[in-house]
Amino acid sequence: MDTHKKPLIVITGPTASGKTRRAVDLARRIGAEIISADSRQIYRGMDIGTGKDLEEYSEIPVHLIDICPAGYKYNLYEFLRDFQTAKADIESRGKYVVLCGGTGLYVESVLKGVRLPEVPENPQLRRSLEGKSLEELTGILASMKNLHNTTDVDTAKRAIRAIEIQTYYNDHPDAALEAQPSPITDAVVVGVDIDRDSRRKRITQRLHSRLAEGMVDEVRRLLDSGIPADDLIYYGLEYKYMTLYLTGEMTYDEMVAGLEIAIHQFAKRQMTWFRGMEKRGFPIHWLPYDLPSETFTDEVIRLI
């Protein structure tokens, strides 16, 4: 490894594993800045439900938090663009970059070096695809490329956009070449390892703590500010269940019980993603969630 080039450090793991505190401890020790890899903490006004815990960062600079208004639909293209901008800014000051978060798609896309050139809308193509079923759209896309990423075809809207992008690449070979991934080969990826029972206990405790902190009022304020209920439901988990409660579609007890189950399921899906990453060639160094702070940081520094 080039000793003059600082490797990217990734701190990841499932929800409620204590990633932020670990990233902050490390950043303080090695003179780093943190880039968030959390797909919901980018929204302003969505604080308690996304677990921003901004006070945890203390004096450590953190990037890609509170950069979009609530109600906006941020996407992978925007994340990769904003990540590269923040990374270049941090590195220009000679500091380490710590990418911290549990959104597996964001983390893996960074490590893969995924590049997504901006592709303009094609109104004529969109009109020609209107009214087609998701099955038909999936078939069209499958005839154009190998379908590795099922999120391309989880809705008709996404499938149409994926066809639009692939059509653009077919018509613009230079753009397709530019979109070829350039993997990061010197990254150090650390996972915060927490056993299932401890994770479940922490999720339950954290949920009740956030409810006591005013999570329902936070979502009520967002609704009162004019953000459509469907836009909040789109964000899932806390915002979905709080909105369903506030719009009268669930009782309070149903909301709490349903949300708790959904967060446990989400954590399980995160772990499935991380195990998949390892199989896809991205080694993760798992460190116990309950290691003393100094020991955890020492271990990460040894890996660097």
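Look a little higher up for the structure.
Residues numbered from 1 in each chain as written. Predicted model: local features only at pLDDT ≥ 70, side-chain atom pairs only at ≥ 80, totals over all residues. Heavy atoms only, no water.

Chemist: Is there a simple way to think about the nonpolar core in this case?
Modeler: A general tendency of soluble globular proteins is for nonpolar side chains to be buried together. One finds F79 and L99 to be the most contacted residues of the largest nonpolar core, which totals 52 residues. Only α2 (76–92), β6 (96–100), α3 (104–112), α8 (196–213), α9 (215–224), α11 (237–246) and α12 (252–279) provide two or more residues apiece to this core. The leading source of residues in this core is α12, at nine residues. Excluding its chain neighbours within four sequence positions, the residues that come into contact with L99 are L8, I9, V10, I11, I35, S36, A37, F79, F83, V107 and V110. Ranked by size, the runner-up nonpolar core spans 23 residues in total, among them I11, V24, I60 and L287. (Core = buried A, V, L, I, M, F, W, Y, C linked by side-chain atoms within 4.5 Å. Buried < 20%, exposed > 50% of the residue type's maximum accessible area, 1.4 Å probe, protein only. Helix = DSSP H or I, 4+ residues; strand = E, 2+ residues; numbered from the N terminus. Contact = heavy atoms within 4.5 Å.)

Chemist: Would you take a moment to explain the packing of helix α5 (residues 134–144) against helix α6 (residues 156–171) for this structure?
Modeler: The description of two helices packed together rests on the angle between their axes and the distance between the axes. Between α5 and α6, the shortest axis-to-axis distance is 9 Å and the interhelical angle comes to 25 degrees. Overall, the two elements α5 and α6 adopt an arrangement that is roughly parallel. Of the two possible hands of crossing, α5 and α6 adopt the one that is left-handed. Where α5 abuts α6, its residues L134, L137, I140, L141 and M144 lie against A156, A159, I160, A162, I163, Q166, T167 and N170. For the contact of α5 with α6, the per-class residue count stands at ten nonpolar, three polar and no charged. (Axes fitted to C-alpha atoms, helices over the stretch in contact; angles between N-to-C directions. Parallel < 35°, antiparallel > 145°, perpendicular 65-115°, else oblique. Left-handed = near helix turned anticlockwise from the far one by under 90°. Nonpolar A, V, L, I, M, F, W, Y, C, P; charged D, E, K, R; others polar.)

Chemist: Would you explain helix α13 (residues 293–303) in this entry?
Modeler: Owing to its 3.6 residues per turn, the α-helix brings residues three or four apart onto one side. Buried within α13 we find F296, T297 and V300. Projected down its long axis, α13 shows its buried positions confined to an angular sector of 95 degrees, all on one face. Of the exposed residues in α13, the ones pointing more than 90 degrees away from its buried face are E294 and R302. As for α13, its buried residues are in contact with β1 (9–12), α1 (19–30), β7 (188–193) and β8 (285–288). (Arc of directions from axis to C-beta.)

Chemist: It is not clear to me how the sheet that holds strand β4 (residues 62–63) should be interpreted in this structure. Could you clarify?
Modeler: Strands in a sheet are paired, the pairing made by backbone hydrogen bonds, and the direction either parallel or antiparallel. An order of β4-β2-β6-β1-β7-β8 is seen for the six strands of this open sheet, with the pairing classed as parallel. With partners counted over all chains shown, the strands left at the sheet margins are β4 and β8, one partner each. Both β1 and β7 contribute to a ladder of four bridges, which runs parallel. Along β7, the bridge assignment pairs I11 with V190. Each of β1, β6 and β7 is contacted by α3, which is oriented at about 160 degrees to β1, the strand it contacts most. (Pairing = 2+ DSSP bridges.)

Chemist: What is the right way to read the pattern of salt bridges from this model?
Modeler: Here the structure, examined in full by the defined rule, presents 21 salt bridges. A salt bridge links E164 to R161; the nearest nitrogen and oxygen atoms lie 2.7 Å apart. Here E164 pairs with R161, and both are found in helix α6, just three residues apart, close to one helical turn. Owing to a relative accessible area of 3%, E164 belongs among the buried residues under this scheme. When salt bridges with common partners are traced through the structure, they connect E121, R126, R161 and E164 into a single cluster. (Salt bridge = Lys/Arg side-chain N within 4 Å of Asp/Glu carboxyl O.)

Chemist: How should I be thinking about the pairing of β1 in this particular structure?
Modeler: Each regular strand displays side chains that alternate between the two surfaces of the sheet. Side chains I9 and I11 project from β1 onto one buried face, and the interleaved V10 and T12 project onto a second face that is buried too. The pairing of β1 with β6 spans three bridges and is classified as parallel. Bridge pairing links I11 to C100 in β6.

Chemist: Is there a simple way to explain the pairing of strand β2 (residues 32–36) in this structure?
Modeler: Across the five residues that make up β2, a large majority, five, are buried. The alternating pattern of β2 places A32, I34 and S36 and E33 and I35 on opposite faces, both of which are buried. As defined by bridge partners, β2 adjoins β6 across five bridges and the pair is classed as parallel. Bridge pairing in β6 places I35 opposite L99. Sheet analysis places β2 next to β4, joined by two bridges and oriented parallel. Within β4, the residue paired with I34 across the bridge is V62.

Chemist: Teacher, can you tell me more about the side chain of K52 here?
Modeler: The residue K52 is located in the loop between β3 (43–44) and β4 in this model. Looking at K52, its side chain comes within polar contact range of the main-chain oxygen of M46, at 3.3 Å. (Polar contact = N/O pair within 3.5 Å; in protein donor to acceptor, adjacent residues only side chain to side chain.)

Chemist: Help me understand α6, please; the structure alone is not making it clear to me.
Modeler: The terminal C-alpha atoms of α6, which comprises 16 residues, lie 22 Å apart, in line with the 22 Å expected from a rise of 1.5 Å per residue. Within the sequence span of α6, burial applies to A159, I160, A162, I163, E164, Q166, T167 and Y169. Those residues of α6 that are buried are in contact with α4 (123–129), α5 and α7 (173–178). (Expected span 1.5 Å × (residues − 1).)

Chemist: How should I be thinking about the environment of T15 in this particular structure?
Modeler: Within the secondary structure, T15 is located in the loop between β1 and α1. It is 8.3 Å that separates the C-alpha atoms of T15 and I263, two residues lying 248 residues apart in sequence.

Chemist: When you look at the packing of aromatic side chains in this model, what are you seeing that I'm missing?
Modeler: Two aromatic rings, taken as a pair, are described by how far apart their centres are and by the angle between their planes. Tallied over the full model, the rule gives seven aromatic pairs. A centroid spacing of 4.0 Å and a plane angle of 10 degrees characterise the contact between F79 and Y106, whose relative ring orientation is stacked. Residue F79 is located in helix α2, and its partner Y106 is located in helix α3; the two are separated by 27 residues in the primary sequence. Grouping residues by exposure puts F79 and Y106 together as buried. When the centroid spacing of 5.7 Å and the interplanar angle of 70 degrees are considered together, the rings of Y234 and Y235 count as edge-to-face. (Phe/Tyr/Trp six-rings, centres within 6.5 Å; stacked < 30°, edge-to-face > 60°.)

The quantities given are spatial measurements derived from coordinates; they are silent on function.
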